[in-house]
Amino acid sequence: MDDRAEPPTYRQGGASTDERIDDLLDRMTPAEKAGQVTGTWAGTLRETHDLDDVKAAIDERHLGFAAPFGWGGALATTPEDAVAAVEELQTYAREETRLGIPLLFSVDAVHGHAYISGATVFPNGLGAAATWDPEGIEAAAAVTAREVRATGAHQNYGPTVDVGRDPRWGRVFETFGESPHLVGELAAAKVRGYQGEDLGDSAAPSDPDRVVATAKHFPAYGEPERGEDASPVDVSEYKLRNTFVRPFERALDAGVASVMPSYNSINGEPSHGSAAHLDGLLREELGFEGHVVSDWNGIRHLHEDHRTAADHADGVRQAREAGVDVASVGHAPHAERVVELVEDGDLDEATLDRAVRRVLRVKFDLGLFDQDPEDTADEAAAVETLGASAHRDRALETARDSMTLLENDGLLPLSGDEDVFVGGPNADDLVDQLGGWSVARDDGVPGETIREAIEDATAGDVAYAPGTTLDEPVDVDEAVRGAREADVAVLALGEGWYIHEFGPEALAGSETGDWPTRGDLRLPEAQRELVRRVHETGTPVVGVLVAGRPLIVDWMAEHVPALLMAYFPGTEGGVAVAETLFGGNGPSGRLPISVPRDEGDLPQYHDALAHPTPIGADEHPDSYDPLYPFGHGLSYTDFETTDLRATVEKGAEGKGAADPAERTVRVAVEVSNVGDRAGTETVQVYASQRHASRVRPVRSLVGFDRVTLDPGERERVEVPVPAERLGFHKPREGRVVESGAYRLDVAEESTTVDL
Ligand code: BGC
């Protein structure tokens, strides 16, 4: 062999990404192309998918994606195991295959790299959203990206951009809640945190601490029928565009490089087979240029469940023609079908090439071709990076800011001298504290439980008895005795670890009992009895809810003096709860989702469409009458919001005067801290169009900002609201901002502007 021969163009770091892609694509056989757009899983369930299986699939089917991480949570994968797996597979792909194309590794690090023991685990989506803090969420995502990359993975299956419109749905905890605006802001922040400025290109690869973000699950997933996961989301175009697609647009604006379709169907079209939604809406209309990855089994569902495809091959063809680029866990059968379809003339090779190009582009942009496979990741560095103290500090900040005080008659904050009784099923359970999409065992998980953190926080005595499991009494009498002796009883109640449809045991590897269920948003009887009995002792009760969804806690709302929503707060959640109870942290979280009074009232969201009450408003209960409204959250101090003013500023010169969409509404209010402690207030701006060509929401969130004030301090807070946000998608016309009057509300203040 002539060792002076130039390496092929695709191996030359100096060539442009386009030149390298063209050159490589030319060299690939149909089978290599088909494999390049197919992935496999090598999770901890090693008996079904071990690394040798992955290597065999790479040999035989040329797979281009792999997921060697610990999905399902049955076992904690250590950072060392993760790095070793990544390195072994990458070396194999680079050195033992004809073209040496690197693998791309993907992972679900949706609230931290939480399937790896030792990782920093942030609050799950709903808790993160309760911070209303895009900068904080961006910083948290950057930490996650660093930890993910430290174990050698490149693509994160997040952010979740679903709008959570039904609290019965088992995935509502992953969402940023019910408001398209809040979801959009936070999803965009996560994209920036994961990807950084941009993903680079082959000449200047991206920051090695960044990962490809995946906006999921497109176009609408968050309001499934009956709250049942993956059931149809049969919405009108109006609702599809204005509620569900809107936040995806924000993620696209932030440059998200990948999108994952939803499992469900819309208008009878499963998203994975919908050319209208993927090629049409996503690519042509919204201008997405990245790669679409299937959800796991999303392609198989086409023939197995939706039955819009005759067989697997037909489903593969449909998905590819619709615009799915990567079959995330298609394994060898997917790649085989693609080859057959191309050979039989049933799938245009150009369609396959289009997907291969997109995949190769990411790999070149990330610099994977120019990296020594041995340098994919480093065990020692991974161990050091995961759970680094600066990372955990960031998680603590997020957990603190998520704490949402629902009730307080003055019992909180505690002084720190009390004898405390700690009870409830979630007081001493790190796994429940992390929530789903995390390891389901606490081996090697950093962080303190609520009980441990309370022990550190009080100078008094702490007694502990769980009283119940999530749904079975253990020893309620012991809890009652403990509470009687104490100055205050803290009961950490709520839900356990679950994903999708509440933690199928096969995935969870742990018993999850009968609770939670879709139809029941109340705590199970065992937990309710515990609260009642402890309350009867006369010792004041603080309820702490460790839960992924809004729970109907009407009895507690009425009877116990203090109630704190902690969500699934992550590794630092125990400390954040204790700090909040004892006043080291002033609670500033605000509900990102409404808490209903009753399951029968669903749906309950703040931005429902206006409608008539034909028999007269007096006889008709309010349509939106939740137990706690969207945006609710108390502080340890008191804020006053006064002097709301809104002015319409013209946009870019020449255009502004004519086009309302180009304008910005400057909303300003005076916020004063009139209490005696420092605190953080969230200014929430709601808008409603007075008269419109279509029925519009009664009101909807259009802007927000946080302000931290010392006692006696006041500040004028200005929230710019681009007028475009006041508009809506009008079927057949597109996005419109209509002229006319808009009412703006902040706290109790309101004003009107004319556009
Ligand atoms: C979920 C996705 C996730 C994928 C890979 C699916 O079941 O719907 O959100 O990214 O699994 O774990």
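Since we're looking at a predicted model, the values are computed, not measured. (Residues numbered from 1 in each chain as written. Predicted model: local features only at pLDDT ≥ 70, side-chain atom pairs only at ≥ 80, totals over all residues. Heavy atoms only, no water.)

Draft legend 1. Just the overall build of the protein, in detail. For the protein, the helix and strand inventory stands at 22 helices and 24 strands. By the compact-globule yardstick of 27 Å for 755 residues, the protein fits well, its C-alpha radius of gyration being 26 Å. Considered along the principal axes of its C-alpha atoms, the protein spans approximately 85 × 65 × 45 Å. Within the span of the protein, comprising 755 residues, buried residues form 62% of the whole. By sequence separation, contacts in the protein at least 24 residues apart represent 77% of the contacts at least 6 residues apart. Accessible area of the protein: about 27,100 Å², with a carbon and sulfur share of 43%. In the protein, which carries 68 positive and 140 negative side-chain charges, the distance between the mean positions of the two groups comes to 6 Å. (Helix = DSSP H or I, 4+ residues; strand = E, 2+ residues; numbered from the N terminus. Rg over C-alpha atoms; globule rule 2.2 N^0.38 Å. Buried < 20%, exposed > 50% of the residue type's maximum accessible area, 1.4 Å probe, protein only. Contact = heavy atoms within 4.5 Å. Areas by Shrake-Rupley, 256 points an atom, 1.4 Å probe, with all protein chains shown as cover. Lys, Arg positive; Asp, Glu negative; His and termini not counted. Charge placed at Lys NZ, Arg CZ, Asp CG, Glu CD.)

Draft legend 2. The packing of aromatic side chains, seen in detail. Applying the stated criterion across every chain, the model contains 14 aromatic pairs. On the basis of an interplanar angle of 90° and a centroid distance of 5.6 Å, the ring pair of Phe-173 and Phe-568 is categorised as edge-to-face. Taken together, the residues Phe-173 in the loop between β4 (155-156) and α7 (180-195) and Phe-568 in the loop between β15 (562-565) and α22 (573-581) connect sequence positions 395 residues apart. With centroids separated by 4.0 Å and ring planes inclined at 15°, the aromatic side chains of Phe-364 and Phe-369 adopt a geometry described as stacked. Like Phe-369, Phe-364 is buried. Here the aromatic residues Trp-132, Phe-630, Tyr-686 and Phe-704 are joined through ring pairs into a cluster of three or more. Against the face of Tyr-605 rests Arg-165, its NZ or CZ located 3.5 Å from the ring centre. Against the face of Phe-65 rests Lys-363, its NZ or CZ located 5.5 Å from the ring centre. (Phe/Tyr/Trp six-rings, centres within 6.5 Å; stacked < 30°, edge-to-face > 60°. Lys NZ or Arg CZ within 6 Å of the ring centre and 35° of its normal.)

Draft legend 3. Layout of empty space enclosed by the protein. As enumerated under the stated definition, the model contains six cavities of 30 Å³ or more in all. For the largest cavity, the calculated volume is near 110 Å³. In terms of lining residues, the largest cavity is bounded by 15 residues, among which Phe-122, Pro-123, Ala-128, Ala-140 and Lys-190 are the most central. Sorting the residues of the lining of the largest cavity by element identifies α5 (125-129), α6 (134-150) and α7 as the ones contributing at least two each. Computed from the structure, the second largest cavity encloses a volume of approximately 90 Å³. As for the second largest cavity, its lining consists of Ser-294, Asn-297, Gly-298, Ile-299, Arg-300, His-312, Ala-327, Ser-328, Val-329, Gly-330 and His-334. Its residues assigned to classes, the lining of the second largest cavity shows three nonpolar, seven polar and one charged. (1 Å grid on protein atoms, 1.4 Å probe; cavity = no way out; pocket = protein on both sides within 12 Å on 5 of 7 lines; lining within 4 Å. Points joined across faces, edges and corners; volume = space filled by probe spheres on them. Nonpolar A, V, L, I, M, F, W, Y, C, P; charged D, E, K, R; others polar.)

Draft legend 4. Inspection of the pattern of salt bridges at higher detail. Counted under the stated rule, the structure contains 61 salt bridges. A salt bridge links Arg-246 to Glu-249; its shortest N-O distance comes to 3.8 Å. Linking Arg-246 with Glu-249, this pair stays in helix α8 (residues 237-253), spanning three residues, or about one helical turn. Note on accessibility: Arg-246 and Glu-249 belong to one class, buried. Arg-358 serves as the salt-bridge partner of Asp-325, at 2.7 Å between the closest nitrogen and oxygen. Of this pair, Asp-325 sits in the loop between α11 (312-322) and α12 (331-343) while Arg-358 sits in helix α13 (residues 349-365), and the two are 33 residues apart along the sequence. In this structure, Asp-325 and Arg-358 share a single accessibility class: buried. One salt-bridge network, held together by shared partners, links Arg-241, Arg-246, Glu-249, Glu-285, Glu-724 and Arg-735. (Salt bridge = Lys/Arg side-chain N within 4 Å of Asp/Glu carboxyl O.)

Draft legend 5. The domain arrangement of the protein, seen in detail. Domain annotation for the protein reports domain 1 (29-383), domain 2 (401-601) and domain 3 (637-754). Computed over C-alpha atoms only, the centres of domain 2 and domain 3 are separated by 35 Å. Each side of the interface is counted separately: domain 2 has five residues, and domain 3 has six residues. For the domain 2 and domain 3 pair, buried surface summed over both sides reaches about 460 Å², with 33% attributable to carbon and sulfur atoms. On inspection of domain 2 and its partner domain 3, the count reaches four residue pairs in polar contact (both at pLDDT 80 or more). Looking at side-chain class alone, the side of domain 2 that touches domain 3 contains one nonpolar, two polar and two charged residues. (Domains from an automatic or database assignment. Buried area = accessible area lost by both parts, 1.4 Å probe. Polar contact = N/O pair within 3.5 Å; in protein donor to acceptor, adjacent residues only side chain to side chain.)

Draft legend 6. Spatial organisation of the nonpolar core. Grouped together as the largest cluster of nonpolar side chains are 153 residues, with contacts concentrated most on Leu-24, Leu-360, Val-553 and Tyr-628. In contact with Leu-360, not counting residues within four places along its chain, are Ile-21, Leu-24, Met-28, Gln-36, Ile-101 and Phe-369. If you look at the next biggest cluster of nonpolar residues, it comprises 40 residues, including Val-488, Val-577, Leu-581 and Tyr-636. (Core = buried A, V, L, I, M, F, W, Y, C linked by side-chain atoms within 4.5 Å.)

Draft legend 7. Up close: the packing of α6 against helix α15 (residues 389-402). With their axes 10 Å apart at the nearest point, α6 and α15 run at an angle of 145° to one another. Every pair of crossing elements has a handedness; the one defined by α6 and α15 is left-handed. The residues of α15 that touch α6, namely those facing Gly-136, Ile-137, Ala-139, Ala-140, Val-143, Arg-146 and Glu-147, are His-391, Arg-394 and Thr-398. Considered class by class, the residues forming the contact of α6 with α15 number four nonpolar, three polar and three charged. (Axes fitted to C-alpha atoms, helices over the stretch in contact; angles between N-to-C directions. Left-handed = near helix turned anticlockwise from the far one by under 90°.)

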